[in-house]
Amino acid sequence: MLTERAQILLKTLVERYVAEGQPVGSRTLSKYSALDLSPASIRNVMADLEDMGLVTSPHTSAGRVPTALGYRFFVDSLLTIQPLNSKEMSQLEEQLHADDPQRLAANASQLLSDLTRFAGVVLVPGRRSTAFRQLEFINLSEKRILLIIITAEGEVQNRVLLTDRAYTPSELTRAANFLNQNYAGKTFADVRRLMQDELQQLHQDINGLMNLALTAGSAALAPNRDDLVMSGGHNLLKVNELSSNMERLRKLFDMFEQKTSLMQLLDISQRAHGVQIFIGGESEVDPLDGCSVVTAPYKVNGEIVGTLGVVGPTRMAYEHIIPIVDITAKLLSSALSFH
């Protein structure tokens, strides 16, 4: 356990280092901590904090900087969250209203980047196997039929079927009615399985059309992979702690390019509730050693479906970044649920 004055000095040190980016000396601590301590007393407390692994001294300076462990203690025990100002709230609310889900994810990612000046990321859930709500067939020409699929979520997919013969409007209506009345609410894989026997009994005249429709429908609504939408990666080039190590920066941008490691980290965050903070090596993703990732899950109608967050240096204003991530997740959830 840290004494109260050690906690005050550590909090002051982290805040000054985040604000100024320079190692913090005892004179600065004395000025900003409002503690009536001699320089010698402050140095003693700093030595204790260094022994505990919470701060470290860069070789070139008498001042100290927080370690990843120091940031973790600060975030868990000393942080005072700063509410967003009205301009930031307005910016978020204007951009995150019910809209096309893909555009919403892009907007959220861009807003996270704009408001934090770091990289904004949103894990967009891939489509799981989707059920259809309604089908319709429309003749385009003699052997070309438009299949219109409306999913259970209201998404519309169109596919052109190339048939081996012409179908009459009444045949198309009969095929659509049969599928809608008997199988609406099921996936195409389920329909194919359930129809094995019935296809044999159906009139041979629409068998071919049914098979084409099931194949095209399965492809149209097949599950697809999760994707990562990212904005503002270039902002990290302006961060001294990252740009001073070109090898680390290269690895970081390789990771952004590959996406896999970051997607796995965001996937882990999805299983937790509320804001998660990974500082330095806590992410267990090597290129993120000098970074922190602040994440929060977002929901559709109460169910967690994805994660969003900010990737930046460990020297970030956590008290400001955390509420930005938290509120963005809540507004995105609200917009998607409304949608």
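Structure: see above.
Treat the numbers as computed from the prediction; the structure is a model and nothing was measured. Chains are numbered independently. Their residues run from 1 in the order of the written sequence. Whole-chain, interface and lining totals are the exception, using all residues; otherwise, since this is a predicted model, local features are given only for residues with pLDDT of at least 70 and side-chain atom pairs are given and counted only at 80 or more. Side-chain metrics rest on all non-hydrogen atoms present in the structure, leaving aside hydrogens and water.

J.: Hey, could you go over the overall build of the protein chain for me, with residue numbers and the actual values?
T.: When helices and strands are tallied, the protein chain shows 13 helices and 10 strands. Under the scheme applied here, a residue whose accessible area is under 20% of the maximum for its type counts as buried, over 50% as exposed, and between as partly exposed, the area being computed with a 1.4 Å probe on protein chains only. Counting only residues that meet the buried cut, the protein chain has 46% of its 339 residues in that class. Here, residues are in contact when the closest pair of their heavy atoms is within 4.5 Å. Considering only intrachain contacts with a sequence separation of at least 6, the fraction spanning at least 24 residues in the protein chain is 60%. Working convention for charge: Lys and Arg count positive, Asp and Glu count negative, and His plus the chain ends are omitted. To locate a charge, take NZ of a lysine, CZ of an arginine, CG of an aspartate or CD of a glutamate. Separation of charge centres in the protein chain, based on 32 positive and 38 negative side chains, amounts to 2 Å. Helix and strand assignments come from DSSP, with helices taken as H or I runs of at least 4 residues and strands as E runs of at least 2, each series counted from the N terminus.

J.: An account of the packing of helix α2 (residues 26–33) against helix α3 (residues 39–51) is requested, with residue identities and associated values reported.
T.: Only the stretch in contact is used when a helix axis is fitted, and all axes are lines through C-alpha atoms; the angle between N-to-C directions ranges over 0 to 180 degrees. Running from N to C, α2 and α3 cross one another at 105°; their axes reach a closest spacing of 9 Å. Taken as axis vectors, α2 and α3 run roughly perpendicular relative to one another. Seen from α2, the contacting residues are Ser26, Leu29 and Ser30; seen from α3, they are Pro39, Ile42, Arg43 and Met46. Amino acid classes used here: Ala, Val, Leu, Ile, Met, Phe, Trp, Tyr, Cys and Pro are nonpolar; Asp, Glu, Lys and Arg are charged; the rest, including Gly, are polar. Residue composition of the contact of α2 with α3, by class: 4 nonpolar, 2 polar and 1 charged. If an angle is under 35 degrees, it is roughly parallel; if it is over 145, roughly antiparallel; if it lies from 65 to 115, roughly perpendicular; otherwise it is oblique.

J.: Explain the packing of aromatic side chains to me, and be specific about the residues and the numbers.
T.: The geometry of an aromatic ring pair is captured by the separation of the ring centres together with the interplanar angle, meaning the angle of the planes. For Phe, Tyr and Trp, rings pair up if their centres lie within 6.5 Å, where Trp contributes its six-membered ring, and each pair is then called stacked (planes under 30 degrees apart), edge-to-face (over 60) or tilted (otherwise). Inspection of the entire model under this criterion finds 4 aromatic pairs. Taken together, a centroid distance of 5.5 Å and an interplanar angle of 75° make the contact between phenylalanine 253 and phenylalanine 256 edge-to-face. Taken together, the positions of phenylalanine 253 and phenylalanine 256, both in helix α11 (residues 246–258) and 3 residues apart, correspond to about one turn of that helix. Given a relative accessible area of 28%, phenylalanine 253 falls into the partly exposed group. Both a distance and an angle decide whether a charge sits over a ring: NZ of Lys or CZ of Arg must be within 6 Å of the ring centre and within 35 degrees of the ring normal. Its guanidinium or amino end placed over the ring of tyrosine 167, arginine 165 lies 4.0 Å from that ring's centre, counting from NZ or CZ.

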